[in-house]
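Summary of the model geometry
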Amino acid sequence: MNRATFPHKLLPYLLLAPQLAVTLIFFYWPAGQALKQSLLREDPFGLKTQFVGLANFKRVLADPAYVNSIKVTVVFSLATAFISMAIALLLAVQAEKIIRGKTLYRTLLIWPYAVAPAIAGMLWLFMFNPSFGTLAYPLRSMGINWDPLLNGPQAMILIVAAAAWKQISYNFLFFVAGLQAIPQTLIEAAAIDGARAARRFRTIVFPLLAPITFFLLVINTVYALFDTFGIIHAVTAGGPGKSTETLVYKVYNDGFVNLILGDSAAQSVILMAIVIALTALQFRYIERRVHYG
Amino acid sequence: MATIALKDVRKNYGRNKVIHGVSLDVADHEFIVIVGPSGCGKSTLLRMVAGLEEITSGTVEIGGRVVNKLEPRERDIAMVFQNYALYPHMSVFDNMAYGLRNARRSKSEIALRVANAAKMLELGSLLDRKPRALSGGQRQRVAMGRALVRDPAAFLFDEPLSNLDAKLRVQMRLEIKALQRNVGTTSLYVTHDQVEAMTLADRLVVMNEGKAEQIDTPMKVYSKPASVFVAGFIGSPAMNILEAHVGVDARGIAIRSGVTIDLPEMNLPNAGMPLLFGIRPEHISVTSEERADMILTVAAVETLGADTLAHCRMAANDKGSDFVLRVPGMMPVYAGQRLPVMFDRKAVHFFDVKTRNRLF
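Here we summarise the structure given alongside this text. (Residues numbered from 1 in each chain as written. Chains lettered and ligands numbered in written order. Predicted model: local features only at pLDDT ≥ 70, side-chain atom pairs only at ≥ 80, totals over all residues. Heavy atoms only, no water.)

Attention now moves to the overall build of chain A. Looking only at helices and strands, chain A has twelve helices and two strands in total. Ordered by position from the N terminus, the helices and strands of chain A form the series α-β-β-α-α-α-α-α-α-α-α-α-α-α. Structurally, chain A occupies a C-alpha span of about 75 × 75 × 30 Å along its principal axes. The 293 residues of chain A split such that 42% are buried. (Helix = DSSP H or I, 4+ residues; strand = E, 2+ residues; numbered from the N terminus. Buried < 20%, exposed > 50% of the residue type's maximum accessible area, 1.4 Å probe, protein only.)

Residue and element names in this part refer to chain A. Close contact between helix α5 (residues 117-127) and helix α7 (residues 152-180) brings their axes to 9 Å; oriented N to C, the two are set at 130 degrees. In this view, α5 runs oblique relative to α7, as classed from their interaxial angle. Helix-helix and strand crossings are classified by hand; for α5 and α7 the assignment is right-handed. Facing α5, whose interface residues are Pro-117, Ala-120, Trp-124 and Leu-125, α7 presents Leu-158, Ala-161, Ala-162, Trp-165 and Lys-166. Looking at the contact of α5 with α7 residue by residue, the class counts come to eight nonpolar, no polar and one charged. (Axes fitted to C-alpha atoms, helices over the stretch in contact; angles between N-to-C directions. Parallel < 35°, antiparallel > 145°, perpendicular 65-115°, else oblique. Left-handed = near helix turned anticlockwise from the far one by under 90°. Contact = heavy atoms within 4.5 Å. Nonpolar A, V, L, I, M, F, W, Y, C, P; charged D, E, K, R; others polar.)

Before going further, it helps to spend a moment on the pairing of strand β6 (residues 77-80) of chain B. All names here are of chain B. Residue alternation in β6 divides its side chains into two sets, Ile-77 and Met-79 and Ala-78 and Val-80, and both sets are buried. Across four bridges, β6 lies against strand β7 (residues 154-158) in parallel orientation. Residue pairing in the sheet places Met-79 in a bridge with Leu-156 of β7. (Pairing = 2+ DSSP bridges.)

In a regular helix each residue adds 1.5 Å, so 14 residues correspond to 20 Å; helix α4 (residues 136-149) of chain B covers 20 Å between its end C-alpha atoms and thus fits that length. Extensive coverage of α4 of chain B is indicated by the burial of eleven of its 14 residues. Regarding α4 of chain B, the residues found buried are Gly-137, Gln-140, Arg-141, Val-142, Ala-143, Met-144, Gly-145, Arg-146, Ala-147, Leu-148 and Val-149 of chain B. Residues of α4 of chain B that are buried in the fold lie against α8 (184-192) of chain A together with β6, α2 (92-102), α3 (107-120), β7 and α5 (166-183) of chain B. Residue Asp-151 of chain B follows α4 of chain B closely and has a positive phi angle near 50 degrees. (Expected span 1.5 Å × (residues − 1).)

Bringing the sheet that holds strand β5 (residues 65-66) of chain B into the picture now. Residue and element names in this part refer to chain B. As summarised here, the arrangement of the four strands in space is β2-β1-β4-β5, forming an open sheet in which the pairing is antiparallel. Whereas interior strands pair on both sides, the edge strands pair on one side only; in this sheet they are β2 (16-26) and β5. Note that strand β4 (residues 57-62) and β5 share two bridges and pair antiparallel. Its bridge partner lying in β5, Ile-62 is registered against Arg-65. Here helix α1 (residues 42-50) sits on the sheet in contact with β1 (4-13), β2 and β4, set at roughly 115 degrees to β1.

A word on the interface of chain B and chain A. Taken together, the contact pairs 24 residues of chain B with 20 residues of chain A. Both faces combined, the contact of chain B with chain A buries some 1900 Å², and carbon together with sulfur accounts for 57% of it. Summed over the three residues of chain B that lose the most area to chain A, namely Arg-73, His-89 and Tyr-98 of chain B, the buried surface amounts to 32% of that side. The interface formed by chain B and chain A includes three salt bridges. A salt bridge links Arg-146 of chain B to Asp-193 of chain A; the shortest N-O distance between them is 3.9 Å. (Buried area = accessible area lost by both parts, 1.4 Å probe. Salt bridge = Lys/Arg side-chain N within 4 Å of Asp/Glu carboxyl O.)

This paragraph deals with the environment of Ala-120 of chain A. Residues and elements named next belong to chain A. Here Ala-120 shows up in helix α5. By relative accessible area, Ala-120 is classed as buried at 0%. Note: C-alpha distance between Ala-120 and Gln-37 (83 residues apart in sequence) is 33 Å. Once residues within four sequence positions are removed from consideration, Ala-120 is found in contact with Val-115, Trp-165 and Lys-166.

A separate point is the sheet that holds β6 of chain B. All names here are of chain B. The strand order across the open sheet built from six strands is β6-β7-β8-β3-β9-β10, with neighbouring strands paired in mixed fashion. Two strands bound the open sheet, and with one partner strand each, they are β6 and β10 (211-216). For this sheet the average axis-to-axis angle between neighbouring strands, irrespective of direction, equals 15 degrees. Sheet strands touched by α4: β6 and β7. Its angle to β6, the strand with the most contacts, is close to 175 degrees.

With that out of the way, let us pick up the layout of surface pockets. Remark: the empty space left among the atoms is shown by a probe the size of a water molecule rolled over them. All names here are of chain A. Empty space within the largest pocket amounts to approximately 1000 Å³. Taken together, 29 residues form the lining of the largest pocket, with Lys-97, Gln-184, Ile-187, Ala-197 and Arg-200 sitting closest to its centre. Looking at the lining of the largest pocket, the elements with two or more residues in it are α3 (64-97), α7, α8 and α9 (197-227). For the lining of the largest pocket, the element with the highest residue contribution is α9, accounting for five residues. Class assignment for the residues of the lining of the largest pocket results in 15 nonpolar, four polar and ten charged. Considered as a void within the structure, the second largest pocket measures approximately 660 Å³ in volume. In this structure, the second largest pocket is lined by 28 residues; those nearest its centre are Met-85, Thr-213, Leu-217, Gln-282 and Ile-286. The set of elements that each furnish at least two residues to the lining of the second largest pocket consists of α3, α9 and α12 (261-286). (1 Å grid on protein atoms, 1.4 Å probe; cavity = no way out; pocket = protein on both sides within 12 Å on 5 of 7 lines; lining within 4 Å. Points joined across faces, edges and corners; volume = space filled by probe spheres on them.)

Another point: the pattern of salt bridges. When the charged atoms of two side chains with opposite charge come close together, those side chains can pair. Per the stated rule, a full pass over the model turns up 22 salt bridges over all chains. Close ionic contact of Arg-47 of chain B with Glu-53 of chain B constitutes a salt bridge, the shortest N to O distance being 3.3 Å. The exposure class assigned to Arg-47 of chain B is buried, which follows from its relative accessible area of 17%. Between Arg-105 of chain B and Glu-109 of chain B there is a salt bridge whose closest N-O contact spans 2.9 Å. Look at Arg-105 of chain B and you get partly exposed, because its relative accessible area is 35%. Residue classification places Glu-109 of chain B among the partly exposed residues on the basis of a relative accessible area of 26%. Salt bridges linked by common partners bring Glu-188 of chain A together with Lys-11, Arg-47 and Glu-53 of chain B together as one network.

Right, here's the structure in full:
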């Protein structure tokens with residue numbers, strides 16, 4: 001490694017200062033506040049505050065609604081990350097085969113990324129609205145009793161579909177770039193070495209995409225955990241019942257709707273710990289299998 | 001082991017014609033080198049044999065079987081690529097075993113065949129390494145090993161040495177030649193390097209603009225080039241080619257007024273016929289004034305060590321140079337010197353002005 005030398009001792013710190021300031025103000029400060037809040041009990045009007053130690057955590061973790069929320073989050077995140085990555089990979093592989101109009105095709109596939117989460121959610125809600133949804137009608141005529149507003153699993157399917165749909169573009173972009181980085185001669189060499197298309201994909205293309213796939217796995221997990229709030233809020237608002245209430249949505253609901261600030265803060269802290277642990281685990285165990293070219 | 005036969009093979013990309021009908025019969029065990037400048041279609045031709053490019057018309061046969069419609073994996077061939085195309089996530093062993101695994105060979109057979117190839121190529125100690133931990137020459141060997149273990153009907157080489165440095169290239173050239181002699185697999189080898197072409201080939205295919213200009217042994221291609229293009233492409237420095245016409249009494253040729261070369265023993269055609277006269281730099285020798293065919297003026301000198309190249313003019317006030325001479329390195333030559341020269345009568349070439357093909 002080369003060590004950079006600076007003409008002045010203070011200069012490197014000055015150069016780092018803007019980035020550090022942003023991190024401090026927008027991450028460490030709120031995180032610290034959440035940590036502090038999680039140890040306090042406060043009434044909805046902020047008139048009385050009392051230190052309660054870990055009582056908030058104890059209550060939250062003993063709450064069956066919280067355990068339910070964890071289950072919902074696991075199902076939702078895994079389904080969203082897996083479906084959006086799988087479909088994006090399929091589309092990227094197919095887009096590689098196109099000879100004419102490749103750029104147009106790619107551009108069109110990237111557009112959904114520009115749609116705001118809440119709007120994406122509304123679009124899906126309209127399309128699949130049980131009474132007037134254009135796409136709900138064929139579902140009903142196929143004999144499916146389609147009603148995501150009353151049926152928990154169907155509501156889950158709908159938000160997974162909306163969240164995955166929005167993320168497909170992003171994943172597609174990375175997979176396309178990843179596929180382009182694989183030299184054509186490797187595929188040709190494999191073809192001459194007797195591998196059919198499916199085997200070439202499994203033994204050559206997919207392993208060489210591993211760095212991209214790993215990166216997207218981390219990004220998509222974080223996306224599903226946090227950035228899908230808008231979709232859930234617009235489509236189901238956590239319902240019906242609590243069947244689509246993810247951890248993030250519960251933090252919002254308990255803190256800003258029900259004004260149970262201490263519980264909400266405790267949940268934030270737990271969520272933070274979960275994400276840190278998850279990302280660390282991904283780097284520790286999955287990244288080992290990744291070959292960087 | 002197999003023969004390869006190309007019959008009037010053509011390739012068009014839309015309206016753009018790239019290969020204009022190449023026919024070639026390759027005997028079993030033969031080493032054929034396809035050589036030509038970049039863009040002449042030599043790689044495309046090889047890729048058509050490999051099955052990586054579709055054949056627009058004509059047929060390609062490998063081992064007597066028409067393979068036009070067959071996938072690369074069904075053609076029983078192995079290919080060595082210019083950039084080696086090693087699978088970067090696999091060890092050397094897995095790279096070499098890949099084809100055999102695809103063919104569902106037994107573990108013990110794979111281990112045996114990889115071990116044999118590794119021994120032949122001195123890769124034994126590198127089998128666990130990944131390609132990125134290998135030098136260029138080692139990667140080249142692995143690419144060869146990958147072809148070798150499969151024991152295919154034919155080897156196809158696509159400029160395999162052009163990514164190596166000059167010294168390694170000479171060494172690998174000798175190794176490839178020895179290896180091919182050893183295993184006897186029919187080989188097609190594409191290169192733009194005429195030295196590689198001359199040294200490796202049993203027979204050469206000299207390609208230009210999608211056509212095979214000449215298919216013959218290296219020595220024949222050198223001594224009897226079929227066209228002006230071949231004459232200029234094979235041999236370094238290139239053959240001297242000058243416009244000339246048959247002299248008045250058909251006993252010699254005139255290069256320009258007052259400059260004639262007597263060629264009494266050659267059967268020259270009608271007097272006055274225009275033609276292109278060619279002679280290689282190594283077939284012009286310096287002599288005494290009395291015996292000289294011509295007296296040249298040296299315009300520039302390039303010292304190569306063993307030889308010296310003298311760029312000469314027919315008249316001192318000409319521009320550029322008309323002839324390049326290869327003279328022994330010990331001989332002192334300097335710019336401005338008058339050089340009496342003699343042409344080797346057995347090594348003169350004549351080409352048609354229009355078709356640019358060999359006349360005699």
